[in-house]
Structures are given as C-alpha cells and as structure tokens.
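# Architecture at a glance
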Amino acid sequence: MTIKVADDAGITAAADRLRSGHVVAFPTETVYGLGADATQDDAVSKVFSIKGRPAVNPLIVHVADPSWLEHLAVSDDRIAALADTFWPGPLTLVLKRRSDCPASKQVSANLDTIAVRQPDHPVAAALLLAVDRPLAAPSANPSGHVSPTTAQHVETDLGDALDMILDGGPCRAGLESTVLDLTTEPARILRPGVVDADAIANVIGKIDEHDTTAGLISSPGQLEKHYAPSLPLRLNADTAREGEAYIAFRGALNAACDLSPHGDLAEAASNLFAALRELDDPARFNGIAVSPIPREGIGQAINDRLRRAAKGR
Ligand code: TXA
Ligand code: MG
C-alpha cells in the first residue's frame, strides 16, 4: 500500500487507478472517502467488500460540477438554489435516479434514488476532473467505526485492504455531510451534518428535521451502529470519573483533550473524530467522558455522532 502526496503526480496516479477499476482513498473537506468509479459495477463492489458495508446501505456519488447531475438524477426545482448556495460543500442531495443513470445500481442499493454531492476540497475536485467520472465514496472507515479525518486514520483502519491513499492533510470540517432527501415534500434531513437545518430552510423553506430523539430509521445507513469507539462513551459529563479520559469543550481542568478551548463548534467538529480515535485506548483509560456540547448549528450533528457512538457498542 502506498500513501501518495496529493500533488499533480499523485492525483494523476490515483485517477489512473480509479479509471482501471481500483479503489483509492482520497480527502474531502468532511472526511476521507473510499473512492471508486461509480459507473463500474466491479469497482463499486470492491468498496462494499473493503468497508464491510451491507449491500442495503447506499453510497454517496461525488461530482466535479452540478452539471454532472443531468446524467444522474431527475431534475427538481429545489436543486439549483441548493447547489448555488451550498456546492461545492458538505450537503448531500438524495434525488430520483434517471432511468438511464450511468451509475452502478449498487451505489443506490437498488433503490430508485441516488445521493450526490460536490465536495469542497481542491484534491477531490482535481481528482474528479482527472477521472472524468462520478466517484462513489463512503467514509473510508470499516463499517461501524469512527470516520477518518487524516490519511493516517485510513492507513490504520484499511491500509491492508487498499493499494493507494491520496494524502491531502487533515480534513477541514471533520464531520460528514448533511444528507437531505429531496424525494419527499417537504424535503427531509436524513443525517444531520456540517450544513445545519436552518441554513437549508432559509433556501428552500420548510423542511422536516431529523428527529434525534424519536429513534426513527430514516436513512438506510442509520440501520447500522455507527461511529463507535471500543471504549464506553459517557455523554453530557461535567467531569471524568476514575480512569476515564475527559473530552472538554470550552475549557476544563484535567481534560485529556479540549475540542475547542474558545467554544467554537466548527472547531469542535473538526477535532471530534481524531479525539475519539486517540483516546480510544484501553491501555490508558477505561472509558471516555464527554462534556455537554451546545445543540446549535453544527452542534446538532456533533451531538448526533456522539449519541450514536455511545449507543453503538
Ligand atoms: O461527508 C460525507 O458525506 C462523506 C464524504 C466522503 O463525502 N461520505 C460519507 O458517506 O459520509 P457514508 O457512506 O459514510 O454515508 C452516506 C450516508 C449513509 O447514511 C447512507 O445511508 C446515506 O448517506 N445515503 C446514501 N445514498 C442514499 C440514498 N439513495 N437514500 C438515502 N440515503 C442515502
Ligand atoms: Mg460513514
């Protein structure tokens, strides 16, 4: 396995691998993706097997430009305004698939919908243009684990199964995209993420928010346990108990890590997964306790991931 620096030569090499049907991990602004040419069935199958992903859980298809949507999805009045406002960026749109959609049916898990986003990362953008095909890419972690925000996280998790990781440094946002279902009226958030519900509602009006308390299974992927470290996770903790690592927000004594000493939620999001990975060490701790995190803006997505991680074990 090689980790390649994501310079021009690295991107060209990765694009060649992808066009020949191989799987390559690459950076996006949210988390690292496990990429395959979305139009090649065999390549998409490899993503499911490397990740241990159930075939019923569909993948996000990444595009270089909103114009690529024309081939993939049935048009919808709301797409243009959303793409204008949020793309490139961490908003995934679930749309009706075109009947002649060139993407493998596996990316849709045989549903009649397809999830698409245009990532906001120079390496992802250059790679998409070089491959000149849409790339299917789930987060580059084994199914059920914490998502990777550095090339080293991907190497630790999947290095043996991959032949190339494109290293573009740490991911800026550090938390996955918001998944918005536009096949319903009103549109519905299936997974809270970096773009918050209010920002979306400002563009398209009323939406159904993801109800994190009802425990409804809305997105096929929500069936799985998710984002789980191996140590027990205790949420909304004001202090650590004996043996626990404490993850603080906005300062605390004896914290093993502070997600954002100044209380910036975007900064906390970008540090969350790396912190969970680093502290998930049974040789040093018997559990991880996490400070309360405000439920505003991206704080909703942070709380969603923490809740899943706490429940996932
Ligand atoms: O930020 C992200 O979204 C990252 C980067 C790599 O783009 N990708 C990512 O992919 O988080 P993944 O596979 O870990 O999560 C995709 C989510 C899953 O919850 C999946 O069920 C949902 O999107 N999804 C994908 N296609 C769907 C569809 N057609 N209908 C409903 N949900 C869908
Ligand atoms: Mg994932």
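Residues numbered from 1 in each chain as written. Chains lettered and ligands numbered in written order. Predicted model: local features only at pLDDT ≥ 70, side-chain atom pairs only at ≥ 80, totals over all residues. Heavy atoms only, no water.

## Re the pairing of strand β3 (residues 33-37)
Judged by how many residues are buried, β3 sits mostly within the fold: five of five residues are covered. The side-chain alternation of β3 yields two buried faces, one formed by Gly 33, Gly 35 and Asp 37 and the other by Leu 34 and Ala 36. With three bridges joining them, strand β2 (residues 24-26) and β3 adopt antiparallel strand pairing. Paired with Phe 26 across the two strands is Gly 33, which belongs to β3. Between β2 and β3, which pair antiparallel and follow one another directly, the connecting turn spans six residues. (Buried < 20%, exposed > 50% of the residue type's maximum accessible area, 1.4 Å probe, protein only. Helix = DSSP H or I, 4+ residues; strand = E, 2+ residues; numbered from the N terminus. Pairing = 2+ DSSP bridges.)

## So, helix α5 (residues 122-131)
Residues of α5 that are buried: Val 123, Ala 124, Leu 127, Leu 128 and Val 131. Buried residues of α5, seen end-on, are gathered within an arc of 130° and therefore sit on one face of the element. Of the exposed residues in α5, those oriented more than 90 degrees away from the buried face are Pro 122 and Leu 129. The inward-facing, buried residues of α5 abut α1 (8-19), β2, β4 (60-62), β7 (135-136) and β8 (164-167). Just past α5, the residue Asp 132 takes up positive phi, approximately 60°. (Arc of directions from axis to C-beta. Contact = heavy atoms within 4.5 Å.)

## What about the sheet that holds strand β15 (residues 287-290)?
What the four strands build is an open sheet, ordered β12-β15-β13-β14; its pairing is parallel. Each end of this open sheet is capped by a strand with a single partner; those strands are β12 (233-234) and β14 (257-258). Sheet topology places β12 next to β15; two bridges connect them, and they run parallel. Within β15, the residue paired with Arg 234 across the bridge is Ala 289. Its contacts with the sheet put helix α8 (residues 265-279) on β12, β13 (244-248), β14 and β15, and the angle it makes with β13 is roughly 165°. (Axes fitted to C-alpha atoms, helices over the stretch in contact; angles between N-to-C directions.)

## Things to note about the site of ligand 1
What surrounds ligand 1 is a group of 24 residues, the closest being Thr 30, Arg 53, Asn 57, His 62 and Ser 177. Here a nitrogen atom of ligand 1 and a side-chain polar atom of Thr 113 are 3.0 Å apart. A total of 680 Å² of accessible area belongs to ligand 1 in isolation, and the protein chains cover 98% of it. Elements supplying a minimum of two residues to the shell around ligand 1: β4, β6 (113-117) and β10 (187-191). Of the residues forming the shell around ligand 1, the biggest block, three residues, is contributed by β6. (Near = heavy atom within 4 Å. Polar contact = N/O pair within 3.5 Å; in protein donor to acceptor, adjacent residues only side chain to side chain. Areas by Shrake-Rupley, 256 points an atom, 1.4 Å probe, with all protein chains shown as cover.)

## Description of the packing of helix α4 (residues 77-86) against helix α7 (residues 197-204)
Where α4 meets α7, the closest approach of the two axes is 9 Å, and the angle between their N-to-C directions is 130°. Considering the angle they form, α4 stands oblique to α7. Crossing geometry of α4 relative to α7 is assigned as right-handed. Taken together, the residues of α7 that come into contact with α4 (itself represented by Arg 78, Ala 81, Leu 82, Thr 85 and Phe 86) are Ala 199, Ile 200, Val 203 and Ile 204. Looking at the contact of α4 with α7 residue by residue, the class counts come to seven nonpolar, one polar and one charged. (Parallel < 35°, antiparallel > 145°, perpendicular 65-115°, else oblique. Left-handed = near helix turned anticlockwise from the far one by under 90°. Nonpolar A, V, L, I, M, F, W, Y, C, P; charged D, E, K, R; others polar.)

## Structural notes on the domain arrangement of the protein chain
Here the domain parsing of the protein chain yields domain 1 (2-209) and domain 2 (233-310). Listed by partner, the interface residues are 20 residues for domain 1 and 13 residues for domain 2. By the criterion of area lost to domain 2, the three top residues of domain 1 are Val 146, Leu 175 and Pro 192, representing 41% of everything that side buries. Applying the counting rule to domain 1 against domain 2 returns two salt bridges. Here Glu 176 ties to Arg 305 by a salt bridge, and the two come within 2.9 Å at their closest N and O atoms. Put simply, domain 1 and domain 2 have five residue pairs in polar contact (both at pLDDT 80 or more) between them. Residues that form the side of domain 1 that touches domain 2 fall into these classes: seven nonpolar, seven polar and six charged. (Domains from an automatic or database assignment. Buried area = accessible area lost by both parts, 1.4 Å probe. Salt bridge = Lys/Arg side-chain N within 4 Å of Asp/Glu carboxyl O.)

## Brief notes about the pattern of salt bridges
Under the criterion given, the structure shown has 17 salt bridges. The partner of Asp 100 in a salt bridge is Arg 98, with the nearest N and O atoms 2.7 Å apart. Between Asp 281 and Arg 284 there is a salt bridge, and its shortest N-O distance comes to 3.8 Å. A residue is classified by how much of its surface remains accessible, and Asp 281, at 22% relative accessible area, is partly exposed. A single network of salt bridges, built from pairs that share partners, joins Glu 176, Asp 304, Arg 305, Arg 307 and Arg 308.

## A short note on the packing of α8 against helix α9 (residues 299-311)
Any two packed helices are characterised by how steeply their axes cross, that is the angle between the axes, and by the distance between the axes. Two elements in contact, α8 and α9, have axes whose closest approach is 9 Å; the angle formed by their N-to-C orientations is 25°. Here α9 runs roughly parallel to α8, going by the angle between their axes. Where α8 crosses over α9, the handedness of that crossing is left-handed. Facing α8, whose interface residues are Leu 265, Ala 268, Ala 269, Leu 272 and Phe 273, α9 presents Gly 299, Ile 302, Arg 305 and Leu 306. Its residues placed into classes, the contact of α8 with α9 shows seven nonpolar, one polar and one charged.

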